[in-house]
Structures are given as structure tokens and as C-alpha cells.
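Secondary and tertiary structure notes
Chain by chain, the residues:
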Number of protein chains: 2
Amino acid sequence: MTGLFERHQPTLQAATDAAAKRDYWSAYPEVPSGKIYGETAKDDGLASYKARLAQPFDLPGHPADKSPVGVEISPFGPALGITYPAASPDLLISASRAAASQWASASPEVRTGICLEILARLNARSFEMANAVMHTTGQAFAMAFQAGGPHAQDRGLEAVAYAYAEMSRTPLQAIWTKPQGRGEPIVMEKHWRIFPRGISLVIGCNTFPTWNSYPGLFASLATGNTVIVKPHPAAILPLAITVEIARQVLVEEGFAADIVLLATDAPGAEITKDLVRHPAIAIIDYTGSNSFGSWVRENAGSADVYTEEAGVNSIVIGATDDFAGMCGNIAFSLSLYSGQMCTAPQDIFVPRGGIETNEGHKSFEEVASGITAAVDALLADPARAAGICGAIANPDTLARIAAARSVGRVLRESMPVEGLDEARTATPLILAVDAADTDAYGEERFGPIAFVVAVDNVTEGVNRAAELAERKGAITAALYETDEARILGAADRFAAAGVNLSVNLTGGIYVNQSAAFSDFHVTGANPAGNASLTDAAFVANRFRVVMWRRPVAA
Amino acid sequence: MTGLFERHQPTLQAATDAAAKRDYWSAYPEVPSGKIYGETAKDDGLASYKARLAQPFDLPGHPADKSPVGVEISPFGPALGITYPAASPDLLISASRAAASQWASASPEVRTGICLEILARLNARSFEMANAVMHTTGQAFAMAFQAGGPHAQDRGLEAVAYAYAEMSRTPLQAIWTKPQGRGEPIVMEKHWRIFPRGISLVIGCNTFPTWNSYPGLFASLATGNTVIVKPHPAAILPLAITVEIARQVLVEEGFAADIVLLATDAPGAEITKDLVRHPAIAIIDYTGSNSFGSWVRENAGSADVYTEEAGVNSIVIGATDDFAGMCGNIAFSLSLYSGQMCTAPQDIFVPRGGIETNEGHKSFEEVASGITAAVDALLADPARAAGICGAIANPDTLARIAAARSVGRVLRESMPVEGLDEARTATPLILAVDAADTDAYGEERFGPIAFVVAVDNVTEGVNRAAELAERKGAITAALYETDEARILGAADRFAAAGVNLSVNLTGGIYVNQSAAFSDFHVTGANPAGNASLTDAAFVANRFRVVMWRRPVAA
């Protein structure tokens, strides 16, 4: 063992402190700058990515008993042509089991040090990862760098920091001295150890393969569980690179590579269900749809399940003292990654009588057109539009946009992004509906589809948004309001619905954004997910504490 | 609000410190002494208990829509004749829901203060509780006082301390300042609140109605959930008194009494399943059999379930340097409360070639007879036997003893305890079997039934005991061994089986005993239960953290 824990301890300590304070902090710079990552880092990352294409992805020693799989196609056009080793669930489980006892026996410090080293190496590879994430998710490069690289690494580090804190809570040993009145006390020595739950399955999603997977992956790994990483078949590469790096670090430190495994499959022949149902799986982290999430929760047997599913996120507009800033901010939230974020807003509740603003009274139509005009302005420059919208991960999203056109009055048409001719792209479709049209806006319509919903007043908007969150789930909510009592009332109502609320965002921060070490992502308190990234509940149940004790002379 | 948190804060702080250090500590004196509890406390407690008998138990304002229930009969003889208000599951749920938002809105400090006040009042009523526990469980008075009173209160306090620590982990608010290069930083104010999961159901058991229920009850209550306490129909009184005190404190502090409810039923017409299946139940704490525990886990829907079920606890004997001390210690563990503790040993693995001791080599038969003779000696004095064995809670246990007689060679017959003529009593039945007779010793046989199992050597004993724990569950294990390498090897093996191990107990501490603030009770890592009393995992998921944020001027 090479002192990885000691080497990375300042990072761990800073992460732990940041999570307690919840001020801004980040371990991994989000700016894709040569000054930070090295002048050749960008080119090197692109070259590394390109060298992966049209090749088998080599994971030395990884178990495989099936033909290699891999049919990833970039939403920006070309097929990746990468094939990955494929193994049956039983082979994966047996390999994971074979590696388990060595990893369980390692100290929390050794495991934590290895996790921190993996994260440091992932950080150094952020440009390569950016290309991998871009061409599997459709995120534009800058976002793929940030969300797929440093922000995902921060979320992983956050999970490691929470896991280490929980594992350190009980001492390794203690002397227990019980007085016996005038007699000699009873004295016992007690020894505790952290014992993992078993095999952990991390099920990744198509749109944020690293950001959404790293918390579960690193929380389980740090607490001594072996991990099987199951990427979405359309977004294998980012997690294959992650697994590759993890296995390299493990082997260098004298551990079995199979402590971290990659479970690959082809669309239509997914092995996810077999893994979920396997009795050897003790922990499942899942990101994806509510329908499959529900299946996972029901079929996981005795495994602990942590999910981030989906929901219907709302914005409620009551009043604003910065109408232009509000419209611009909302426009960006609707456009970013073409609405394919689990945090993106879908429903914008606006009083049918209009609202008061710094520009005077604005009617419902004026509010709606303010938002659509802001989207148009934001996306007017094709290069900027491409950088904001990126591409559409899944072809089904285009069909969903087409179907949505007829369920309301079209305020803004969805259009392709100019200049990205080979890519699958779509700018926001914005529709006007009435509060009564719950069939239109009351279901999640994943992608760049938004509704401006006419309500009687802001209170009705808050209540409808909160009820929707309670019924369908919601990860974010936003409110524009100038009356403090109404703001506090909405904070109460959304808290009761288990939704994190952003109020009066008009500048360079967006409701979609969730910052590690400060914002908990998903509350676990409504159907959008049963867990939060990352709190103590997310890590504390991934291990057990076991003791032995014996008397000692007083 | 009357400053309960401030009043009890020294106790909370001491409990938190003790749980971190895990040295001996107790908030509530375990000695039933008039010097501590007041010179008239013993008589007053007995009088209070007697005044309950043959009366309706009054819980002012408690919902009821069914005829009162209550058929408790003391294992020491007389029927209690107490009837309790009874409500349908739907009425209980609706009353709990009606009280929920007020309790959810209270601060963690207010809730924690109320929990600590309830515990303090329970402590003052320990003599009354001792009588209630004695005459519903069959525990002898001294044990009923300790386990039903101060030790249970300590376990409740421990849960409150863990809950408060977890709730305090995230600040109420923070300022988040993100630098923007040369531009003005983005500054946000963020506000977090603790939000409960919903309604918590605590299902008590017959043998330890308070000790096993208080952790879940107080963990859920402190974290803002309303609680429905469902006692075993044969042991209602201890939890009815608990609920009575909780409701009194709540009302005094301006809260709805129905934040804590009592769910009563009659044997054969239990409402437990309806409550478990009710979608409004968010948290379930269960103590009882594996078979019903398995049903609860499978039928709880989306509720989080914390169980303490049962298992087969083992002692493995390899060698000892205090043969008499070992035999005496084991004899006490077998006899205490007639083996009706979930921590009581059942199987004693002894090498068929005998063991080395401070008294020279002892054959298998000599070890077995050493233990049986120690039981005989321990129970020779009828008064002492009554004080150790108490009575048998459930008549089925006597049938189980009778049935067990034929599955091995009887080393010691089970007998009634002399002088407790009206009571249902039984001293330990001890049988000799071979390691191959797994049908005999490989199942839990709840009650005073023990097997001395012949194995090839201590390693086989450890492995069989550990495998039994993995397959059937185990809460405790004990080892007698003088070789340090074998002790450490056994510690590894039992840790892998998720069992807490006690080594070389010969004095006044017993494998059955689990001390709050130091010993975690149940690991959650084998079928004897899926949770541990009390660790962070036991409390951290009983609430959610919800945020609202808004920009502030830099």
C-alpha cells in the first residue's frame, strides 16, 4: 500500500468540511482550461477518445463469456464502433464474489485512499471523458466536460467523504469499564470493524452516465462492497473508462481488479433485470425512468435500493422585479441540453390575469412571449445554440416532441439546431395550456417540451406544482415572487412536497444546477427518487459494524 | 414551549459523547434502589401497577371506534383484567395524519426536548414499569426493572442522541459564494429543513416490550414522524404506559396527543397486517419471529423496515483457563429469563475429544456435565432460581421444550421453578447431540432449550456456528479459547457472518447482555435482523433534508 490515504487526506478533509458548511467548494476545476489541466490536455483528451473508436475496449483480465457488445452512436452523428467485453450475470457475480473478501478486509483508510486516487486520475482524464460523455449523451462539449468530468468527480468525492465520516464514527476499539459499587469494576476490551453488505450494482443512465453513477459507485466502494457497474447500452464508454481507471488503481495497490466490474449488454438484450433479481446483489443504485425504477424497487428482493427517477419540475411565477432577467434565466433552463436534465423545468405556472413586474403589469400572454422571445434570443446564434442545446440522446425524444405539439397552443416551435446537420437536435417546444389540461402538462414529457400553464394566482400555481411533485415526483421547483410571506409560504409547501426550491433566479445560476457539497440532489421525499445525493442516509446503510469483546484485568 | 431541550441538553451531550467513545455509560440508574428513585418508589410503583388492574386503561382523547380490548394474563398467574381503547387501522392512520404537520413543523430541538422529557418521566416511573413488564413478559422483578426500565430508557436515549446528531449535520442555513474569475461572485442564501417520512409503525414483542420498541419509537419521534405503537396483545401494558406518558408530555408542550398512538388488538384478531400494508405507513420497526418478520419485509410496500428477528446463537468451546468460571457463566446465560432472550445461546459446540483447561483435560462429557452441574448449582436455591428464570411468557414454549426432549440425549431435564406455583416456569433443558444432527440444533428453539454439540475441533465449531448464523441468523456468539491466533481467526469468521462475538466470559458479564452506548444490538448483517440498535443507518433515513435557495447581493 502506497500511502494513498495520506496523500489525498487534505482533499478528503476539505470535502468533509465543505459538506458540513455547505458553502461553495469544488475539488476539481470546472474550467476546461489548459492552464489548469495542461496545455496539451484538450488535444490529448480528444486523441485518446479518437483512439478508442472502432476498436475493442481492452479491460485486462475482465471476465467475459459472451461475444463483445457495443452499438453506441453519437447523437452528433457517427457510430463509435467500440466493442466491450461482455459477461453473463452469473459470471459477473462469481467474479465479484471472488474479489469480495480481500476488499472487505482492507481498512477504511486503504479503501478511501484508493477511491480518492481513482477520482484524481479521472480528473486528469477529464478531457477524454468530456469527449466520451459528449458522444454518448449528446451534451455539448463544455457541459460534457463539466457535468461528465469535474462535477461528477465532485459528486463522487462527496460520497467518499460521507462514507469515510460514517465509517469513522465508531472507534476501532475501546475499553469499557463498568463500576461495581465497592467491588472491582468489570472491564472489557471491545473491537469493532466495518463490514460491507456484499455486491453493489450501479445502474447508469444515458444522459448523465458519470454524474449520476459516481455517488453510488464510490459510496459502495469506499464502504467495502465490490461493485458491478451496469451502463446504459447507449452510454457505455464513460463508465468503461471509469472502470478501467478503477481497475488500474486497484491492481497497482495489490487488489483484485474484479472489485470493480463492467456489465455490458446490447439494446434489446439487457441483463439489468437478471442482475437486479440476483440474490447476491446487496445494494442497487439506479438512475432512470420511473417505470423501470418501480420495477427495480419491486424486484430487488432484500437489496437496498437507492433511486433517482424522474418527475415533473415546475416554475411558478407570481411577480418579479427583473422581468428580463427572469425570462432569460428560464430560457436558459429550458434550453440547456435541450431539456434532457432531470432537473429541467417543464411546467411554468403563470396567473391568467398576469403579474406585476419592474416593467409594469404583464399579461399572461406577455409573460409567455417574454419567455419564448428569450429562448429565441438565446439560441439566435447557431454556435451558441449548439453549445447550449447539444444533441438529443434518444430518438424517442423527437417523437415525444412531435406528439406534444397537439396537446396545447404552440407558443414556440421546436426546431433543429442550425449547423449541427449530422446531429439529432431540437430546441424547446413551448405550449400554452390551462390549469385544467392536466393530461397535457401533468405527465413527465422528457426533453425540450415546456408548458406555460394558466392559473388563477400564484397560490394555485404553488399548490398545483407541489401536488404534481407529490403525485408524479419533482427534483426541482422555482418561484418568482416579490412578497416575502408568499415566498416563505411556498417554501413550506414545496418542502412538504419534498422538492428543493429556487427563488428569483435571474443571473448566472439556474434551477437545473445542483452543486456538490452544498445542494442535495433529489430529496427522496417524493416519487422522483427514494434517496438523496449525498447525505448520511445514502451511505450509512452500505456497511455494518461488527464487534468482538473480551474481559481484561481491571 | 418550556425549554425541555435546554433542560435535558447535558444528558443528550453525555449520551452523544458516550456513543462516540463507547465506554460504559448510562443515563438511568439500573439499581432499583430507594436511595436513587426515592424511598417510597418501590411501593408507589407497585401501588400504581395494582391500581391499573381490572380497570379500563384511560388514554384521554385517544381515538377509538371498537370495543376495548385486553386479555393479558401474567405468566406468574393472575389475569391483569385491563382493557385498552381500540381503534381500526383507518382511524389510527387518519388520527396520525391529522397530527403530522404540527409535529413535522416543530424544530429538531423542540422534538428532541420532548423525547428527552418523555424518557425522564419513564425513568421516574421505572418501578411501575417493572411490575408491568414483569406481569406481561414473565421476567423476574429485578430483570423487569432493569431491562424494562433503565436499560430500555438508555436504548431510547441512544436513538434520540443519534437522531439529533444526524438532524444537526446539515446547517439551517448557509451562504454559498461561487467566485466568477474577475467578475462578481454568485452569492446564494440557502435554507435547509428536516422533513419527516410520515407515519411510523412500531411493532412490539411479548418478551421485551419496551427495550426493543424504544429505539424505533424515539428515533422516529425525534425525527418528526408521528408514531403508532402496536404492542403484542400479550404485553400491552408497558407500551400503554409509555404512550400515556408520551401523550401527556406532548399535550403539556402544546402538541396534539395523537402524535403518539396506541394500536391495540386481541389475539386472533390482530390488526398488525392491515397496518403494515397500509400505504400511509412510511417506517416500520419490528421485533419478533423470522416468519412474521419475513412477511413484514415483503408486504411493507415502500415503507422502510427495520427488523430484529431471531436466530440461533452459539457458544464454541476450544479451551479455557477458568473451567469453573466458564461453566458458571454459561449456566447463567442459559438460565436467565429461561432462555427467552434473543441474545441467549442455544448451541454449545464442544470438541468430541474434549478440551484443555486449568483443571487439566476435560472430556466432552466432562464439559457437558460441568455446564449442567453449574445450572443445577445456580438454580438450587428456589428463591434465586425464581429471580433468575422468571416465568415463561408464552405457553407454546412449554410445548417446544417437551418436543425437544426427544431430539437428543437429555443431559439435564427442564423442571418447573420451585415456589412459583401459579407461574408458568421452566428451567433449562440441555441435550447432547452430534454435529451431524442439524435437524436438532440447526433451528431456533425459542426458550430454555440448549444443545451441547460434539464437533471435531474448535475450528469446526466456529465454522458451524458461523454458517448457522449466515443461514438462520444469530445475534450473539461466544468463544472460549486460550490461543490468540484462534481467537483472532474466530473473530474474523464471526465478523464475516455478521455476529457480535464475546470471548472468554467467566465473570459477571454475559453473552446475552448488550449495553447501550457501547454494544450495537444486532448487526443487520445476517437473517437475525436487517438493522442495528443504534447506529447512524438506523436513524439517518427516517427524515429527509429539503432546501430552498435564492440569490443575495454579493
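Computed from a prediction, not measured in an experiment: that's the story for all the values here.

Here is what the cut-offs are and how they apply
- Residues numbered from 1 in each chain as written.
- Chains lettered and ligands numbered in written order.
- Predicted model: local features only at pLDDT ≥ 70, side-chain atom pairs only at ≥ 80, totals over all residues.
- Heavy atoms only, no water.
- Contact = heavy atoms within 4.5 Å.
- Buried area = accessible area lost by both parts, 1.4 Å probe.
- Salt bridge = Lys/Arg side-chain N within 4 Å of Asp/Glu carboxyl O.
- Helix = DSSP H or I, 4+ residues; strand = E, 2+ residues; numbered from the N terminus.
- Pairing = 2+ DSSP bridges.
- Axes fitted to C-alpha atoms, helices over the stretch in contact; angles between N-to-C directions.
- UniProt positions renumbered as here; feature names shortened; annotations may be inferred.
- Least-squares fit on C-alpha atoms with pLDDT ≥ 70 in both.
- Parallel < 35°, antiparallel > 145°, perpendicular 65-115°, else oblique.
- Nonpolar A, V, L, I, M, F, W, Y, C, P; charged D, E, K, R; others polar.
- Expected span 1.5 Å × (residues − 1).
- Buried < 20%, exposed > 50% of the residue type's maximum accessible area, 1.4 Å probe, protein only.
- Domains from an automatic or database assignment.
- pLDDT = per-residue confidence, 0-100.
- Phe/Tyr/Trp six-rings, centres within 6.5 Å; stacked < 30°, edge-to-face > 60°.
- Lys NZ or Arg CZ within 6 Å of the ring centre and 35° of its normal.
- Polar contact = N/O pair within 3.5 Å; in protein donor to acceptor, adjacent residues only side chain to side chain.

**Description of the interface of chain B and chain A**
On the chain A side, the residues contacting the 63 residues of chain B number 64 residues. Summing both partners gives a buried area of about 5500 Å² for chain B against chain A, and 56% of it is carried by carbon and sulfur. Where chain B meets chain A, there are 12 salt bridges. Between Lys 190 of chain B and Asp 519 of chain A there is a salt bridge whose closest N-O contact spans 2.7 Å.

**Thoughts on the side chain of Glu 244 of chain A**
Along the polypeptide, Glu 244 of chain A turns up in helix α10 (residues 237–252). The contact partners of Glu 244 of chain A, leaving out residues within four places of it in the chain, are Arg 52, Phe 57, Asp 58, Leu 59 and Arg 125 of chain A.

**Structural notes on the sheet that holds strand β12 (residues 347–351) of chain B**
Sheet strands pair via backbone hydrogen bonds, and the direction of the pair is either parallel or antiparallel. Strand order across the open sheet formed by 10 strands is β3(A)-β4(A)-β20(A)-β19(B)-β18(B)-β10(B)-β12(B)-β17(B)-β16(B)-β15(B), with mixed pairing between neighbours. The strands lining the two open edges of the sheet, one partner per strand, are β3 (173–180) of chain A together with β15 (409–412) of chain B. Adjacent strand axes in the sheet meet at a mean angle of 25 degrees when their direction is disregarded. Two strands pair when backbone bridges link them, and strand β16 (residues 429–434) of chain B and strand β17 (residues 449–455) of chain B are joined in this way by 6 bridges, in the parallel orientation. Across the sheet, the residue bridging to Leu 429 of chain B is Ile 449 of chain B, located in β17 of chain B.

**Points about the UniProt feature "domain: Aldehyde dehydrogenase" (unreviewed entry) in chain A**
UniProt annotation of "domain: Aldehyde dehydrogenase" (unreviewed entry) refers to residues 90–506 of chain A when read in the numbering used here. Secondary structure content for residues 90–506 of chain A is 46% helix and 22% strand, while the C-alpha to C-alpha distance between its ends is 52 Å.

**Brief notes about the relation of the copies chain B and chain A**
Turning chain B through 180 degrees and shifting it by 0.0 Å along the axis lays it on chain A, with an RMSD of 0.0 Å. As the rotation angle and translation indicate, the two copies are arranged about a two-fold axis. In terms of proximity to the rotation axis, the leading residue of chain B is Ala 537 of chain B, whose C-alpha is 3.2 Å off the axis. The overlap is high: 100% of the interface residues of chain B also sit at the interface in chain A, so the same surface is used on both sides.

**Points about the packing of helix α5 (residues 108–124) of chain B against helix α9 (residues 214–222) of chain B**
Residues and elements named next belong to chain B. Two elements in contact, α5 and α9, have axes whose closest approach is 8 Å; the angle formed by their N-to-C orientations is 150 degrees. By the criterion of interaxial angle, the relationship of α5 to α9 is roughly antiparallel. Along the contact surface, α5 presents Arg 111, Cys 115, Ile 118, Leu 119 and Leu 122, while α9 presents Tyr 214, Phe 218, Leu 221 and Ala 222. Looking at the contact of α5 with α9 residue by residue, the classes come out as 8 nonpolar, no polar and 1 charged.

**Quick notes on helix α8 (residues 150–167) of chain B**
If you check α8 of chain B, its first and last C-alpha atoms are 25 Å apart, about what 18 residues at 1.5 Å a residue would give, namely 26 Å. Taken across its 18 residues, α8 of chain B has 16 buried, putting it largely inside the fold.

**Looking at the pairing of strand β19 (residues 500–503) of chain B**
Burial along β19 of chain B is two-sided: the face carrying Asn 500 and Ser 502 of chain B and the face carrying Leu 501 and Val 503 of chain B are both buried. Strand direction decides the pairing type here: strand β20 (residues 543–551) of chain A and β19 of chain B, joined by 2 bridges, are parallel. Considered in β19 of chain B, the bridge of Trp 548 of chain A is made with Leu 501 of chain B. Of the pairings in the sheet, the one linking strand β18 (residues 476–480) of chain B to β19 of chain B comprises 4 bridges and is parallel in character. Residue pairing in the sheet places Leu 479 of chain B in a bridge with Val 503 of chain B of β19 of chain B.

**Considering the domain arrangement of chain A**
Residues and elements named next belong to chain A. What the domain assignment reports for chain A is domain 1 (40–308 + 530–547) and domain 2 (313–501). Taken residue by residue, the interface counts 13 residues in domain 1 and 19 residues in domain 2. Between domain 1 and domain 2 lies a buried interface of about 1200 Å² when both sides are counted; carbon and sulfur atoms form 62% of it. On the domain 1 side of the interface with domain 2, the three residues burying the most area are Pro 75, Phe 76 and Met 143, jointly 36% of the side's total.

**Examining unusual backbone geometry**
Cis rather than trans, the peptide bond between Leu 533 of chain A and Thr 534 of chain A has omega equal to -15 degrees. Considering the arrangement of structural elements, one finds Thr 534 of chain A in the loop between β19 (500–503) and α20 (536–539). Here Ser 338 of chain A, not a glycine, exhibits a phi torsion of approximately 45 degrees, which is positive. Of note, Ser 338 of chain A is situated in the loop between α13 (323–335) and β12 (347–351). What makes Ser 338 of chain A buried here is its relative accessible area of 0%. With a phi angle near 70 degrees, Phe 517 of chain B is a residue other than glycine that sits in the positive phi range. Summarising the element assignment, Phe 517 of chain B is placed in the loop between β19 and α20 (536–539).

**Some thoughts on the confidence of the model for chain A**
Low-pLDDT portions of the prediction should not be read for the details of their coordinates. Confidence in the prediction for chain A averages 97 pLDDT; 99% of positions are at 70 or higher. Scored as a whole, the predicted complex attains pTM 0.97, and scored at its interfaces, ipTM 0.96.

**Section: the pattern of salt bridges**
Pairs can form between side chains of opposite charge whenever their charged atoms are close. Enumeration over the complete set of coordinates arrives at 65 salt bridges over all chains. Across the pair Arg 247 of chain A and Asp 258 of chain A runs a salt bridge, and its minimum N-O distance is 2.9 Å. Here Arg 247 of chain A is found in helix α10, whereas its partner Asp 258 of chain A is found in the loop between α10 and β7 (260–262), with 11 residues between them in sequence. Since its relative accessible area comes to 4%, Arg 247 of chain A is described here as buried. Salt-bridge contacts for Arg 550 of chain B lead to Glu 189 of chain B; the nearest nitrogen and oxygen are separated by 3.0 Å. Here Arg 550 of chain B, found in strand β20 (residues 543–551), pairs with Glu 189 of chain B, found in strand β4 (residues 183–196); they are 361 residues apart in sequence, far enough to count as distant. You can call Arg 550 of chain B buried: its relative accessible area is 15%. A single network of salt bridges, built from pairs that share partners, joins Arg 7, Glu 117, Arg 121 and Glu 252 of chain A.

**Here's the deal with the pairing of strand β3 (residues 173–180) of chain B**
Along a regular strand, successive side chains alternate from one face of the sheet to the other. Residue and element names in this part refer to chain B. Where β3 lies against β4, 7 bridges are found, and the strand directions are antiparallel. Along β4, the bridge assignment pairs Gln 173 with His 191. Linking two consecutive strands that pair antiparallel, namely β3 and β4, is a turn of 2 residues; a positive phi of about 55 degrees is found at Gly 181 within it.

**Here we look at the sheet that holds strand β5 (residues 199–203) of chain A**
Residue and element names in this part refer to chain A. Pairing within the open sheet is parallel, and its 5 strands lie in the order β7-β6-β5-β8-β9. With partners counted over all chains shown, the strands left at the sheet margins are β7 and β9 (304–308), one partner each. Pairs of neighbouring strands in the sheet enclose a mean axial angle of 15 degrees, with direction left out of account. Against the sheet, α10 engages β6 (226–230) and β7, with an angle of about 150 degrees to β7. Sitting on the sheet, helix α12 (residues 290–299) touches β8 (281–287) and β9, and the angle it makes with β8 is about 170 degrees.

**A closer look at helix α15 (residues 382–389) of chain B**
Residues and elements named next belong to chain B. Within α15 the residues assigned to the buried category are Ala 385, Ala 386, Ile 388 and Cys 389. Where α15 is buried, its residues contact α13 (323–335) and α14 (364–378). Phi for Gly 390, located one or two positions after α15, is positive at around 60 degrees.

**So, the packing of aromatic side chains**
Scanning the model with the defined rule gives 32 aromatic pairs over all chains in all. On the basis of an interplanar angle of 75 degrees and a centroid distance of 5.4 Å, the ring pair of Tyr 306 of chain B and Phe 538 of chain B is categorised as edge-to-face. Here Tyr 306 of chain B, found in strand β9 (residues 304–308), pairs with Phe 538 of chain B, found in helix α20; they are 232 residues apart in sequence, far enough to count as distant. An aromatic cluster is present here, built from Tyr 37, Phe 127, Phe 141 and Phe 145 of chain A joined pairwise through their rings. Over the ring of Tyr 306 of chain A we find Arg 542 of chain A, and its NZ or CZ is 4.2 Å from the ring centre.

**A closer look at the packing of helix α5 (residues 108–124) of chain A against helix α8 (residues 150–167) of chain A**
All names here are of chain A. Between α5 and α8, the shortest axis-to-axis distance is 10 Å and the interhelical angle comes to 170 degrees. One finds that α5 runs roughly antiparallel with respect to α8. Taken together, the residues of α8 that come into contact with α5 (itself represented by Pro 108, Glu 109, Arg 111, Thr 112, Cys 115, Leu 116, Leu 119, Leu 122 and Asn 123) are Pro 150, Gln 153, Gly 156, Leu 157, Val 160, Tyr 164 and Met 167. Partitioning the contact of α5 with α8 into residue classes produces 10 nonpolar, 4 polar and 2 charged.

**Side note on the environment of Ile 259 of chain A**
All names here are of chain A. Its location among the elements puts Ile 259 in the loop between α10 and β7. On the basis of relative accessible area, Ile 259 is assigned to the buried category, the value being 0%. Sequence separation of Ile 259 and Thr 223 is 36 residues, and the distance between their C-alpha atoms is 12 Å.

**With respect to the environment of Thr 223 of chain B**
All names here are of chain B. If you trace the backbone, Thr 223 turns up in the loop between α9 and β6 (226–230). In sequence terms Thr 223 and Cys 327 are 104 residues apart; their C-alpha atoms lie 45 Å from each other. For Thr 223, the contacting residues outside a window of four places in its chain are Arg 111, Ala 163, Met 167, Ile 194, Pro 196, Val 539, Arg 542 and Phe 543. Of the polar contacts made by the side chain of Thr 223, one reaches the backbone oxygen of Ala 219; its length is 2.7 Å. In terms of polar contacts, Thr 223 uses its side chain to reach the backbone carbonyl oxygen of Ser 220, at 3.1 Å.

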